[in-house]
Every structure is written in C-alpha cells, then in structure tokens.
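These are the residues of each chain, in order.
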Amino acid sequence: MSYFGLDRPRSPLYYTAWKITFVVGLLLTCGLFYYAAASVHYDWRWYRVPQYFWYSGQEDIRSDFSGTVKEVQHTPSGTVIRFAAEDHPGELVSMTLGAGSEALVQPETDVYMGDIIAKRSFSKPGILLEGLWVTVVVSSFAIVAGIGIGLVTGLCRLSNNPALRWGAITYIEIIRGSPLLVQIFLWYFVVGFVVDALLGQVGLPGIAPLWYGVAALAIFTGAYVAEIVRAGIQSVHRGQMEAARSLGMTHSQAMRKIILPQAFRRILPPLAGQFISLIKDSSLLGVMAVRELTKATREAVTSSLQSLELWFTCALLYLVLTFMLSLFVQYLERRAVR
Amino acid sequence: MIHAKHVHKYFWIPHQLHALKDVSLEVAKGEALVIIGPSGSGKSTFLRCMNRLEYADAGEIWVNGTNILDVDCDINKLRAEVGMVFQSFNLFPHLTVLQNLTLAPETVLGRSSKQANEKAMSLLEKVGIAEKCEVYPDQLSGGQQQRVAIARALAMDPQVMLFDEPTSALDPEMVGEVLDVMRTLAREGMTMVVVTHEMGFAREVADRLVFMDQGAIVEQGTPEEIFQNAQNDRTKLFLSQIL
Ligand SMILES: Nc1ncnc2c1ncn2[C@@H]1O[C@H](COP(=O)(O)OP(=O)(O)O)[C@@H](O)[C@H]1O
Ligand SMILES: [Mg+2]
C-alpha cells in the first residue's frame, strides 16, 4: 500500500481473491488445530475457567460454645445466635455471623463446641484475575518509570558532557547486552538479597519482590526507550535547533518547546512496540515469586489440569492488554498529529 | 553595529578546511550590506559567525558593543537582538504561524501573550499574511513560509537582521514577494546583512556590496563600483557568470 501506484493497477478481482485466500487460510489453520485437539481425546471444560476469574464458595461456621441455642435473631448487620452455654451459667452468650451467612440451627438445639452451626457464602477474585491485576500494576509502574529513565538517559546520551554521555552509553550497552531473565535473577537474588539484608540490620522490613520486578523491567525498558528517544531527537532537523537558538532561546528551552514536541510524535510508534514487549516480558517475573498472569495460570493449571483452556485464556488476556495499549498509543498519535 | 576583526574559521570534519581567512568587516547602523560570491566561498559561515551559530576560531566579532567570542558574553541575550532568516525557512512545523511568532518573545523576552499576539499580528499584516495566522507552516507556499520566517525574526525587535540566501529555495514566481518585504525593511532603516544571488536586489537595495571568494573578502564597494567597475579578476569572472 505504501508504494501504491508505482506498478500497474490491480483488478478488483485480485483483491477479492486474496482476501478470500486469507480467510480460507485462517479457517484452515483453526480447523487444523481443532482437529488435532479433538483427536487427542482432550476433555474441553471451558465451564471450569470462570471460577479462576471469580470464585464463589461456602464456608462452615462452627460454634464457639457448648450448650443450647436460645435465640436466632436476624439483624441488619447479620445473624446473632445466643446460647445458654455450659461454662457461662446464668447468662446468655452470643455469636454474630457476618453478612451472607445462613444459620443451620434453631432455638433449643443442643450444640457442642466445634459443631457446624451456619454456612457463609462468599465470592472473591480468582487467581487469574489477581494475576492479571499484578501484570497490569507491574507493567504500568515499569512503563512510567521506563519513560522517565529513557528520557533522561536519551538526553544524557546526546549531551556534550563526557560523564553523562559515557554513563548513558555504559548503561545502555550493559542492559541491552544481557538477557532480561538474567537481569531479573540479579535483581531478586543479588540486589534483593543485599538490600533486604541491609534493611533488616536497621530493623526495617524487606521490600516485596514485586518492586524488584518493577525495577528490573523499568531499567531494562529504559535502555531501549533511551535509544528511541535519541533517534527521535536526532531525526528532528538540525535547522530547528538553530532557528530556536537564533531567536535567543536557551538549549533547554529549545529542547522542551521545539525539539521534544516534534520528536514525541515520531517516537510514539516505536515506544508502543517497546511497551508491548514490556507487558509480555513481565511474564518472566514468575521466577521471582511475583504471581503475575503467567505464574497464576501455571498454578491454576496445576490445580485444575485444564491446561489447554487456561493457556488459551492466558494468551487472550495478554492480547487484550497489548491491544488496549496500542489503541491508546494510536489515539495519542492522532492527537499529536503535528 | 557589527564589527568583525580578523576572523578565522576552520572546519576539521570531514577534512581540514580554512573556511574563513582573516575576514574583517564593519556594518554600520542602518546599513544594508549584501554579500555575494560563489558557492562554498564561506558566505554562510561568515554570516553564522555573526550570531555564533558557528564559533569563529580566531579574531573578534563585536555586535552591538559586545564581543560575542568572549566566553563571558550572554549569547542568548545577544541572539535575541540579531534576527536570522534561513535558506530553508526552518519554521516550527508543530506550531501555528501565530505561535511561531509569539513563542520566542514570550519565552525569551517574557512578554505577555497579549503583547506578543498584538505584535505578531501587526508583523503578519506587514508581510501580508495576517489571514493565515492560524494555519500550520506546511499549509503555506514557500514564499509565504519565508515571509513568516522574516516576521518571526522581527517579532524579537532585533537590531540587525541576517539573511542567508532567503530566496534560493523558492520557486521563481515567489522570489519577488520575499524581496519586497526585505526591500521595505531596508527602506525603514533596518540594519541588514544579506547573502544572496539576486543581483537585481543587490543593485537596488545594497548600500555596500561585498564579494567573497575562497574564505576571504576579495573586493567591496557600492553596487555601481562593483557591477560597473570591478577591479579584481575573480570578481569580474563571477559577475560575468552570474549576470
Ligand atoms: N558544518 C560544516 N562542516 C564542515 N565543513 C563546512 C561546514 N559548513 C560549511 N563547510 C564548508 O565550508 C566552506 C564554506 O561553506 P559556506 O559558508 O556554506 O559557503 P557558501 O555559503 O558561500 O556557499 C565550504 O567548503 C563548506 O563545504
Ligand atoms: Mg550558503
């Protein structure tokens, strides 16, 4: 499409035919997968997946006393059961059951301590939803920090000050030259170990692994963002800086008002790609005991054995996240069309 | 107004080049000075040394009573007093025409946006494109863009205007409108240093004509002296080629 018009025009039939080819290819691939899955006698149990998003269950409530139930009273804040307890002669003792509970005893029932006297229904977010949330939180923090780090490093990379420039180059080269997984291990087992030990010496609690994860991702992404920022700034024509300076603006005024706004629009597409990578890379944080989406899926698979459904779901959730991010960036791009 | 004394400029990349060789020049207040010369003779380099877009390696360049090669000189304040117009316009593409004119007065001179807007509108009026104040530069023709660029420089109330081949990137039919604006400026007594190949303009507007070749000033004088009675062979050769 980008070089449209340089070759002879195609007939409408050409486009229709290839569109059909695409759809057929897609259906065929799906069909093949379906056939393969069907022929290994796997029991598809999609109905088991929702419970990993939202879990509803009942729990037993047991009696704290031995004695006789004297009264079951329903109040707005829950059900109150009063007992004539053996070890509290002459007075009534009571238990308050929280909302959503249902008493299983009537007045004059004899109970022993530990008997089930009520059931309480509850529902809470399932492990997949919790994992998804952790992934969103980790990625968001890492993206924001990564932009900050990348912007500063990118500017340092272009600075005339050798300390700043070499510092930026060193950081970028080290980070880009080692695998993210190794960096995550370093953050967790080396930095985390040392920092937590030091904090422990002064009597402070350690830092949650999640924050080491955020740091690992932010520092990793920052190096790539720095290179994107640098390329973006360098892509702005030199004459722009000269024009701004010739009007008496300082270097930093020209940078903020003239160069960066123009660079911003050009770096949005590669930035989007970088942040999509970051969301996907957050799946590595499972190795440092951060229960993000991938780790959560693994745990769910271990307990349910419905691995195909759950891994499909997992992939789909990542797809939704990355797709939303790229929609957001496209929106920004349209807004910053100048 | 501008006094360059024994200015030398070297370039080291891609190879050593002595771009300005002991150039001395004085521009009086209110004077319109036109620099001509073959391509690569150092005209742009010299002009850019006058507001330190290029840092001259030796000599002195006094602008408005300050030696701009002095390390202590406040170059931003000085540049605010020296307007520059580029061959390739260099308008800010992410800002509207009006914002192009108001940004620097607001950020550098600290003018209120009302003041800056009024000044900008009167300048756009003057260069004849007030009705385009809300559009972006890429929606303008080359001639219009260059007139906006002149207005942008004028918005800072400069003492001197430097023009580096302001019409060289324009289609022929647009050259006139830009030269008209410059002619008006010269008539109003603006101090101007103009690098150009428009000999008609030079003949008509220049108080003094300077011919540069190979990094040095070869000859200077009134337009009549140069056009009718050039002394130097290189000047004669250049004029015969261009006229
Ligand atoms: N930034 C630069 N780096 C290296 N050489 C340059 C630079 N700018 C100009 N030159 C060289 O200096 C000489 C004079 O250039 P310039 O002043 O642009 O000439 P003119 O404007 O008269 O055509 C040319 O040989 C040019 O190649
Ligand atoms: Mg030139």
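Above: the structure in question.
First things first, this report covers the structure right here in the doc. None of these values were measured; they are calculated from a predicted model.

What counts and what doesn't
Think of each chain on its own: its residues are numbered from 1, step by step along the sequence as written. All chains are assigned letters beginning with A, and all ligands numbers beginning with 1, in the order in which they are written. pLDDT decides what is reported in this predicted model: residues at 70 or higher carry local features, side-chain atom pairs at 80 or more are listed and counted, and totals for whole chains, interfaces and linings draw on all residues regardless. Excluding hydrogens and water, the side-chain figures rest on all heavy atoms present in the structure. Pairing between strands is defined by DSSP: at least two bridges between the two strands are required. Only DSSP runs of H or I covering at least 4 residues are called helices, and only runs of E covering at least 2 are called strands; the numbering of each starts at the N terminus. Axes, fitted as lines to C-alpha atoms, cover a helix only where it is in contact. Angles between the N-to-C directions of the axes lie from 0 to 180 degrees. Here a residue-residue contact requires only that any non-hydrogen atoms of the pair lie within 4.5 Å. Here the term charged refers only to Asp, Glu, Lys and Arg, the term nonpolar to Ala, Val, Leu, Ile, Met, Phe, Trp, Tyr, Cys and Pro, and the term polar to all other amino acids, Gly among them. Patches here are clusters of residues that have more than 30% relative accessible area and form no salt bridge, with a 9 Å joining cutoff for like charges and a 5 Å cutoff for nonpolar side chains (Val, Leu, Ile, Met, Phe, Trp, Tyr). Accessible areas in this description were obtained via Shrake-Rupley with a 1.4 Å probe; residue shielding takes into account the shown protein chains only. Whenever Lys or Arg places a side-chain nitrogen within 4 Å of a carboxyl oxygen from Asp or Glu, that contact is recorded as a salt bridge. Left-handed describes a crossing whose near helix is turned anticlockwise from the far helix by less than a right angle; the clockwise case is right-handed. Working definition: with a 1.4 Å probe on protein chains only, accessible area under 20% of the residue-type maximum means buried, over 50% means exposed, and in between means partly exposed. To pair, rings of Phe, Tyr and Trp, with the six-membered ring standing in for Trp, must have centres within 6.5 Å; the planes then decide the type, stacked if under 30 degrees apart, edge-to-face if over 60, and tilted in the middle.

Things to note about the sheet that holds strand β9 (residues 208-213) of chain B
Residue and element names in this part refer to chain B.
Stage number 1. One open sheet accounts for six strands, arranged β6-β7-β8-β3-β9-β10; its pairing is mixed. In the strand order of this sheet, the two ends are held by β6 (82-85) and β10 (216-221), each with one partner. On average, each strand axis in the sheet is tilted by 20 degrees relative to the strand beside it, whichever way the strands run.
Stage number 2. Packing against the sheet, helix α6 (residues 172-187) makes contact with β3 (32-36), β7 (160-164) and β8 (191-195), and its axis sits at approximately 145 degrees to β8.

Some points on the interface of chain A and chain B
Stage number 1. In this complex, chain A contributes 18 residues to the contact, which on the side of chain B involves 25 residues.
Stage number 2. Secondary-structure elements contributing two or more residues to the side of chain A that touches chain B are α6 (238-246) and α7 (251-281) of chain A.
Stage number 3. Residue contributions to the side of chain A that touches chain B peak at eight residues, all from α6(A).
Stage number 4. The residue inventory of the side of chain A that touches chain B, partitioned by class, reads six nonpolar, seven polar and five charged.

Details of the sheet that holds strand β1 (residues 54-62) of chain A
Residues and elements named next belong to chain A.
Stage number 1. If you walk across this open sheet you meet the three strands as β1-β7-β5, and the pairing is antiparallel. Two strands close off the open sheet at either side, each with one partner strand: β1 and β5 (101-103). Between one strand and the next, the sheet's axes are offset by a mean angle of 15 degrees, whatever the strand orientation.
Stage number 2. Looking at chain direction, β5 and strand β7 (residues 116-125) are connected through three bridges and run antiparallel. What sits directly across from Ser101, in β7, is Arg120.

Details of a nonpolar patch on the surface
Stage number 1. A surface patch of nonpolar side chains, amounting to about 930 Å² of accessible area, comprises A:Leu181, A:Val182, A:Phe185, A:Leu186, A:Phe189, A:Val190, A:Val191, A:Phe193, A:Val194, A:Leu198 and A:Val287.
Stage number 2. By secondary structure assignment, the location of A:Val191 is in helix α4 (residues 180-201).

Focus on the packing of helix α2 (residues 127-157) of chain A against helix α9 (residues 307-335) of chain A
All names here are of chain A.
Stage number 1. Contact geometry for α2 and α9: axes closest at 12 Å, N-to-C directions at 30 degrees. In this structure, α2 meets α9 at a crossing whose hand is right-handed. In this structure, α2 contributes Leu128, Leu132, Thr135 and Val136 to the contact, and α9 contributes Leu310, Thr313, Leu317, Tyr318 and Leu321.
Stage number 2. Of the residues assigned to the contact of α2 with α9, the class counts are seven nonpolar, two polar and no charged.

Description of unusual backbone geometry
Residues and elements named next belong to chain B.
Stage number 1. The omega torsion across Ile13 and Pro14 is 0 degrees, close enough to zero to call that bond cis.
Stage number 2. Positionally, Pro14 belongs in the loop between β1 (2-11) and β2 (17-27).
Stage number 3. One non-glycine residue, Asn64, lies in positive phi territory at about 55 degrees.
Stage number 4. Mapped onto the fold, Asn64 is located in the loop between β4 (58-63) and β5 (66-67).
Stage number 5. Judged by relative accessible area, which is 32%, Asn64 ranks as partly exposed.
Stage number 6. Positive phi, close to 50 degrees, is recorded for Asp157, a residue that is not glycine.
Stage number 7. Considering the arrangement of structural elements, one finds Asp157 in the loop between α5 (142-154) and β7.

Examining the packing of aromatic side chains
Residues and elements named next belong to chain A.
Stage number 1. Tallied over the full model, the rule gives 13 aromatic pairs over all chains.
Stage number 2. Relative to Trp44, the ring of Tyr42 has its centre 5.2 Å away and its plane inclined at 75 degrees; by these criteria the two rings are edge-to-face.
Stage number 3. Exposure remark for Trp44: the relative accessible area of 32% places this residue in the partly exposed category.
Stage number 4. Taken together, the ring pairs connect Tyr42, Trp44, Trp46 and Phe312 into an aromatic cluster.

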